[in-house]
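Next come the chains, spelled out residue by residue.
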Amino acid sequence: MRYSAFEPGDIAACYGTDPVSRVIRCWTGSRLLPTALRMRPSHVAMLCPYNGERVWVESTSRRPHECLVRGETVSGCQVQPPRLRIADYVHAGGHVDLYRINPFYRLRDGEADELAGWLIDYFVRAGAGYDTRGAVLSGTRVYQLSQLFPVADLETVFCSELIAAVLMRLNRINHTNPARYNPARLMRQIVRDGLYQFHKRYSRQSLANVRLARRNAA
């Protein structure tokens, strides 16, 4: 798996197999999701440039690997190698779907660096923590749309809140409370609106097919 396979702004929709991931998928699901999203993602991350490579930026309560920017394992916003995070899901029996921005909305000159600036400098270097309460409330079906829903402070964010905030900052989606977006709702909107398109799936089967193709070509 090569870093060159990713582009700035790519979104990874992750499907975990652990109990927490299963609960998230069931809690935030909808039968109205586009076909590729009928199985609801439990987590999302975004790819951006960093030190000449493409890196995986996420906000998670877990401490999967040492953050490439902060040099330690952290809970909250962090930077990870894409190959390691994809392997975490694939080796556990899950999969990762990569979504790519529609060419019509592609990042203009300088926007990839701006994207990295907001993701890495504003959130990761600042030490933004994980917003557990917001993640739970985002899964509610009625309360998250009510006027009583709490405001977002962005000092702590959960995975889809982080991505929604950055997409708003880049004027790719309408400005509203980013904490209202759980992973399923965010992916449903950006795919239905034509902002993002399904690009590639990473799973045990897809990786096995790649290895088989390489052997046949040798």
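Please read all numbers here as calculations on a predicted model, not as lab measurements.

Looking now at the overall build of the protein chain. Across its full length, the protein chain carries seven helices and eight strands. Taken across its 218 residues, the protein chain has 49% of its residues classed as buried. For the protein chain, contacts bridging at least 24 residues in sequence account for 70% of all contacts bridging at least 6.

Our next topic: helix 6 (residues 183–192). In terms of burial, helix 6 is a largely internal element, seven of the ten residues being buried. Regarding helix 6, the residues found buried are P183, A184, R185, L186, M187, R188 and I190. Along its buried surface, helix 6 packs onto strand 1 (11–15), strand 2 (43–50), strand 5 (95–101), helix 5 (159–169) and strand 8 (196–202). Two or three places before A184, at the start of helix 6, stands the capping residue N182, its side-chain oxygen 3.2 Å from that residue's backbone nitrogen.

Taken as a whole, this structure holds eight salt bridges when the rule is applied. Between R85 and E58 there is a salt bridge, and its shortest N-O distance comes to 2.7 Å. Highlighted residues: R85 in helix 2 (residues 82–91) and E58 in strand 3 (residues 53–60), separated in sequence by 27 residues. Under the relative-accessibility criterion, R85 is labelled buried at 6%. Salt-bridge contacts for R85 lead to D88; the nearest nitrogen and oxygen are separated by 2.7 Å. Separated by three residues within a single helix, R85 and D88 lie in helix 2, roughly one turn from each other. The network of salt bridges with shared partners includes E7, D10 and R100.

What follows covers empty space enclosed by the protein. Per the counting criterion, the structure on display carries one cavity of 30 Å³ or more. Considering only enclosed or pocket space, the largest cavity measures out at about 40 Å³ in volume. Surrounding the largest cavity, P8, G9, M46, I101, L107, L115, L167, L170, R172 and Y196 form its lining. Its residues placed into classes, the lining of the largest cavity shows eight nonpolar, one polar and one charged.

Below, the discussion takes up the nonpolar core. The biggest cluster of nonpolar side chains holds 39 residues, and the ones touching the most others in it are I11, V57, L119, I120, I190 and Y196. Every element with two or more residues in this core is listed here: strand 1, strand 2, strand 3, strand 4 (76–80), strand 5, helix 3 (111–125), helix 5 and helix 6. When residues of this core are assigned to their parent elements, the largest contribution, seven residues, is made by helix 5. Apart from the residues within four sequence positions on either side, I120 is in contact with C48, P49, Y50, V55, V57, V69, V79 and R125. Within the second largest apolar cluster, twelve residues are counted, among which are C14, V90, V96 and Y202.

This part covers the pairing of strand 5. Regular strands place their side chains on alternate faces of the sheet. Where burial is concerned, most of strand 5 is hidden: seven out of the seven residues are buried. Neither face of strand 5 is open: one carries H95, D97, Y99 and I101, the other V96, L98 and R100, and all of them are buried. Strand direction decides the pairing type here: strand 5 and strand 8, joined by six bridges, are antiparallel. Within strand 8, the residue paired with R100 across the bridge is Q197.

Of note, the phi angle at N51 is positive, near 55°, even though the residue is not glycine. By relative accessible area, which is 66% here, N51 ends up exposed. Positive phi outside glycine occurs at L154, with the angle close to 65°.

Here we take up the state of the cysteines. The full count for this structure, using the stated rule, is zero disulfides. With no disulfide partner, C14 has as its closest neighbouring cysteine sulfur the one in C159, 8.3 Å distant.

It is worth spelling out the environment of R63 at this point. Structurally, R63 can be placed in the loop between strand 3 and strand 4. Considered as a pair, R63 and G76 are 13 residues apart in the sequence and their alpha carbons are 8.4 Å apart. Looking at R63, its side chain comes within polar contact range of the main-chain oxygen of T73, at 3.0 Å.

About the thresholds
- Residues numbered from 1 in each chain as written.
- Predicted model: local features only at pLDDT ≥ 70, side-chain atom pairs only at ≥ 80, totals over all residues.
- Heavy atoms only, no water.
- Helix = DSSP H or I, 4+ residues; strand = E, 2+ residues; numbered from the N terminus.
- Buried < 20%, exposed > 50% of the residue type's maximum accessible area, 1.4 Å probe, protein only.
- Contact = heavy atoms within 4.5 Å.
- Polar contact = N/O pair within 3.5 Å; in protein donor to acceptor, adjacent residues only side chain to side chain.
- Salt bridge = Lys/Arg side-chain N within 4 Å of Asp/Glu carboxyl O.
- 1 Å grid on protein atoms, 1.4 Å probe; cavity = no way out; pocket = protein on both sides within 12 Å on 5 of 7 lines; lining within 4 Å.
- Points joined across faces, edges and corners; volume = space filled by probe spheres on them.
- Nonpolar A, V, L, I, M, F, W, Y, C, P; charged D, E, K, R; others polar.
- Core = buried A, V, L, I, M, F, W, Y, C linked by side-chain atoms within 4.5 Å.
- Pairing = 2+ DSSP bridges.
- Disulfide = S-S within 2.5 Å.

None of this, on its own, says anything about what the molecule does.
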